[in-house]
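This is what each chain is made of:
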Amino acid sequence: MTTSPAPLLDDAVTAAGPRGKRRAAKTKPRRERSVGLHILLAVASLYFLLPMWWLIVAGTKSTQGLFTGSGGPLWFDSNFALFDNLQQLATYNNGIYLRWLGNSFLYAMAGGVGATVLAVLAGYAFAKYRFRGRTVSFMVLLASVMVPATALVIPTYVLFNNLGLTNTVWAVILPSLLSPFGVYLMRVYVQDAIPDELLDAARVDGSGKSGPSSPSPCRSCGPPSSRCCCCPWSAAGTITSCRWP
Amino acid sequence: MSASTALETPARPPATPKRGTTLERKTARFGWVFLAPFAVVFLVFLVLPLGYAFWMSLHTNTLAGGEQFAGLANYTRAFTDERFLSGLTRVGGFALVFVPLQIGLALVFALILDDVRTRLSRFTRLMIFAPYAIPGVIGALMWGFLYSPSFGPLVGFFDFLNVQAPDLLSRDSIFWSLTNIVTWQWTGYYMIIIYASLQSIDPSIYEAARIDGATRLQTALQIKIPIVTSSLVLTGVFALIGTLQFFTEPQVLAPLAGNAIDAAYTPNLYAYNLAFSYQQFNYASAISFALGLMVFLASIIFLIATRRKSGLN
């Protein structure tokens, strides 16, 4: 995105003749500094990659190989047991793992899409409409992030018990539709990315009392919506792994 | 973030008062329609359970007396409970280390990745963000295995250096072991937020800086950082809130770490154990609300301290 003016300068300079060669040589130090940064980036990549690499390698070892593997903890064992392990996983308890995987996928999709839709609508409302109580509502929203979720678990369970929804998919999907971070991100983005002039123009073109609600704001909302979708996705993944059930 | 609009917006005619014409008011009310779905879910799944939890925290439930209204007795007990207070001190210590470390690293990586545009930088960006996509429980488990003397690579590494391997899950080193896990997990998330802010800066500013003779480092320190300060403050608040509610990693590592992590290691963990191990729901609710109050106070203090920088006043 940043169009670097350096190539323009280089072109102008090399066009200047023999002196241009010496000038071109002066741009080399800039490349050398990048080597240090690249090394730093490579080290960072290795650090962040390490546990995932270990996981992949450990997945290919048998139980004994984990302790006394020939390649050490970070390299493959001589006995490649990946397919045995996968088979054991798929047949454990009559294939319940595949069911769990399907459940998680369902929760992530439903929760992710639902939370994104709600967050986009709410963020758009906060950013573009000046209704009464807007500031107060937003403060309440931010304050809700500060409450530890452990306080909510038992009352939510009691609530679902009274509704008869425990032990159903709704017990996980409905709470995960709530994404205050998503609303905040969308509000910030919509405020900056969708100029009021665009909405005024659409209103002039006759899009009704409600103001334009589609398609141009929707199209502009695309990129942050997908980022918004990522957060509920991982949130849904985490939620299903321990707390709500 | 809105530097470009600030440079380009022509002078507008004087704005009409906030809720002036009837049309404007009617249009503004339509905002509630957009907000309604989220508001419903918010009320039912947050405000309602929270209200019930608060009501529970005002009562005590004993075998002898049954359910009794106890006013603020649970809260008095909470704020004089030594386990709660030591847990609070501990998460305060965590916050002092985690927040600057994570935000600092996120800022450094975001600046580097904004500057260097090669395949390696794109790969690194993905690698730094990937741990956020991994659920916290899994991440903590993986690191638990990496720390273990039987499975992990660290024993081999220290043997190579002929040095006694430190026990990373012992009481002395559990603090830094947890720091490592949390940094690994969350730096990418904050980095992406800061990176997105950096991407939205108008490039003509960089050209102007280059003409004025600024080096890359000067551009980074004196131009980019001030522009993204509001993002930094916001990620700082989120990091602070998250750290004060520290729960997942101690919970997952507790079986592996022996006696280094006790049941009241952090206040959130204490509330969880009170509710699910000791069945003291009322006191657990009071602890949760007391923790929420502390988080609220800490966030207010943080925002007041940074109000000039964040543009939130």
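Everything that follows concerns the structure shown earlier in this document.
Residues numbered from 1 in each chain as written. Chains lettered and ligands numbered in written order. Predicted model: local features only at pLDDT ≥ 70, side-chain atom pairs only at ≥ 80, totals over all residues. Heavy atoms only, no water.

Examining the overall build of chain A
Note the threshold: What counts as a helix is a DSSP run of H or I of at least four residues, what counts as a strand is a run of E of at least two, and both are numbered from the N terminus. Relative accessibility decides the category of a residue: with a 1.4 Å probe and only protein chains considered, values under 20% of the type maximum give buried, values over 50% give exposed, and everything between is partly exposed. Residue contacts follow a heavy-atom distance rule, with two residues in contact if any of their heavy atoms lie within 4.5 Å.
Helix and strand counts for chain A stand at 13 helices and zero strands. Sorting the 245 residues of chain A into buried and exposed places 37% on the buried side. A separation of at least 24 residues holds for 61% of the contacts in chain A among residues at least 6 apart in sequence.

Some remarks on the overall build of chain B
As a reminder, the rule being used: Using C-alpha atoms as the atom set, the radius of gyration is obtained and then compared with a globule rule of 2.2 Å times the number of residues to the power 0.38. All accessibility values rest on the Shrake-Rupley procedure with a 1.4 Å probe; residue burial counts only the protein chains present in the view. When charges are counted, Lys and Arg are positive and Asp and Glu negative, with His and the chain ends excluded. The atom standing in for a charge is NZ when the residue is Lys, CZ when it is Arg, CG when it is Asp and CD when it is Glu.
The helix and strand tally for chain B stands at 15 helices and two strands. At 25 Å, chain B has a C-alpha radius of gyration far larger than the 20 Å of a compact globule built from 313 residues. For chain B, the spread of C-alpha atoms along the three principal axes comes to 75 × 70 × 30 Å. Relative to all contacts within chain B whose residues are 6 or more apart in sequence, the contacts with residues 24 or more apart total 70%. Only carbon and sulfur atoms are counted for the fraction: they give 66% of the accessible area of chain B, which is about 15,700 Å². Treating the 20 positive side-chain charges of chain B as one cloud and the 15 negative ones as another, the clouds have centres 12 Å apart.

Brief notes about the nonpolar core
Soluble globular proteins tend to pack their nonpolar side chains together in the buried interior. Our working rule: Buried residues of nine kinds, namely Ala, Val, Leu, Ile, Met, Phe, Trp, Tyr and Cys, make up a nonpolar core once their side-chain atoms join them within 4.5 Å.
Within the largest apolar cluster, 80 residues are counted, with the highest numbers of intra-cluster contacts made by Ile-174, Met-191 and Ile-287 of chain B. Of the residues forming this core, the biggest block, 15 residues, is contributed by helix α4 (residues 82–115) of chain B. Excluding residues that lie within four positions of it along the chain, Ile-174 of chain B makes contacts with Leu-168, Leu-169, Ala-257, Ala-260, Ile-261 and Tyr-265 of chain B. With 42 residues, the next largest nonpolar core counts Leu-118, Val-120, Phe-131 and Leu-159 of chain A among its residues.

A short note on a nonpolar patch on the surface
Residue and element names in this part refer to chain B. The test is simple: Patch construction takes residues with relative accessible area above 30% that form no salt bridge. Like charges are linked within 9 Å, and nonpolar side chains (Val, Leu, Ile, Met, Phe, Trp, Tyr) are linked within 5 Å. Any Lys or Arg side-chain nitrogen located within 4 Å of an Asp or Glu carboxyl oxygen qualifies as a salt bridge.
Together, Phe-79, Leu-85, Leu-293, Phe-296, Leu-297, Ile-300 and Ile-304 make up a nonpolar patch on the protein surface, roughly 560 Å² of accessible area in all. Tallying contributions element by element places helix α14 (residues 281–305) first for the nonpolar patch, with five residues. Looking at where Leu-293 falls in the secondary structure, it is placed in helix α14.

A look at the environment of Thr-150 of chain A
With respect to the helices and strands, Thr-150 of chain A occurs in helix α8 (residues 150–163). For Thr-150 of chain A and Gly-59 of chain A, which are 91 residues apart along the polypeptide, the C-alpha to C-alpha distance reads 33 Å. Not counting residues up to four positions away in its chain, the partners in contact with Thr-150 of chain A are Phe-247, Asn-268, Tyr-272 and Ser-288 of chain B.

Details of the interface of chain A and chain B
Rules: By buried area we mean how much accessible surface two parts lose on assembly, using a 1.4 Å probe and totalling the loss over both. Pairs of N or O atoms are called polar contacts if they sit within 3.5 Å, as long as, within protein, a hydrogen donor faces a hydrogen acceptor (for residues adjacent in sequence, only side-chain-to-side-chain pairs).
On the side of chain B, 86 residues touch chain A, which itself brings 80 residues to the contact. Here chain A meets chain B over a buried area of about 7,700 Å², counting both sides, of which 77% is carbon and sulfur. Where chain A meets chain B, there are four residue pairs in polar contact (both at pLDDT 80 or more). The element that contributes the greatest number of residues to the side of chain A that touches chain B is helix α3 (residues 28–59) of chain A, accounting for 18 residues.

Points about the pairing of strand β1 (residues 59–62) of chain B
Residue and element names in this part refer to chain B. Just so we agree on the cut-off: Paired strands, as defined in this entry, are two strands with at least two bridges between them according to DSSP.
In terms of strand pairing, β1 meets strand β2 (residues 66–69) through four bridges, oriented antiparallel. When the bridges of β2 are listed, Thr-60 appears paired with Gln-68. The hairpin formed by β1 and β2 contains three residues between the paired strands.

Structural notes on the environment of Val-182 of chain B
Residues and elements named next belong to chain B. With respect to the helices, strands and loops of the structure, Val-182 is situated in helix α8 (residues 174–199). Val-182 sits in the buried class, given a relative accessible area of 5%. In this structure the C-alpha to C-alpha distance between Val-182 and Tyr-52, which are 130 residues apart in sequence, comes to 32 Å.

A few points about the environment of Gly-87 of chain B
Residues and elements named next belong to chain B. By secondary structure assignment, the location of Gly-87 is in helix α4. Exposure remark for Gly-87: the relative accessible area of 0% places this residue in the buried category. Separated by 40 residues in the primary sequence, Gly-87 and Met-127 place their C-alpha atoms 33 Å from one another. Among residues more than four places away in sequence, those in contact with Gly-87 are Ala-264, Tyr-265 and Pro-267.

Structural notes on the packing of helix α5 (residues 119–133) of chain B against α8 of chain B
Residue and element names in this part refer to chain B. Applicable threshold: Fitted lines through C-alpha atoms give the axes, limited to the stretch in contact for helices. The angle between two N-to-C directions lies from 0 to 180 degrees. Under this scheme an angle from 65 to 115 degrees is roughly perpendicular, one under 35 degrees roughly parallel, and one over 145 degrees roughly antiparallel; angles in between are oblique. Each crossing gets its handedness from the near helix: less than a right angle anticlockwise from the far helix is left-handed, clockwise is right-handed. Note on residue classes: Ala, Val, Leu, Ile, Met, Phe, Trp, Tyr, Cys and Pro are nonpolar, Asp, Glu, Lys and Arg are charged, and everything else, Gly too, is polar.
Contact geometry of α5 with α8 gives a least axis separation of 6 Å together with a crossing angle of 120°. Taken as axis vectors, α5 and α8 run oblique relative to one another. Here the hand of the crossing between α5 and α8 comes out left-handed. Contacts between α5 and α8 involve Arg-125, Ile-128, Phe-129, Pro-131 and Tyr-132 from the former and Trp-184, Gln-185, Trp-186, Gly-188, Tyr-189, Met-191, Ile-192 and Tyr-195 from the latter. Residues of the contact of α5 with α8, tallied by class, amount to 10 nonpolar, two polar and one charged.

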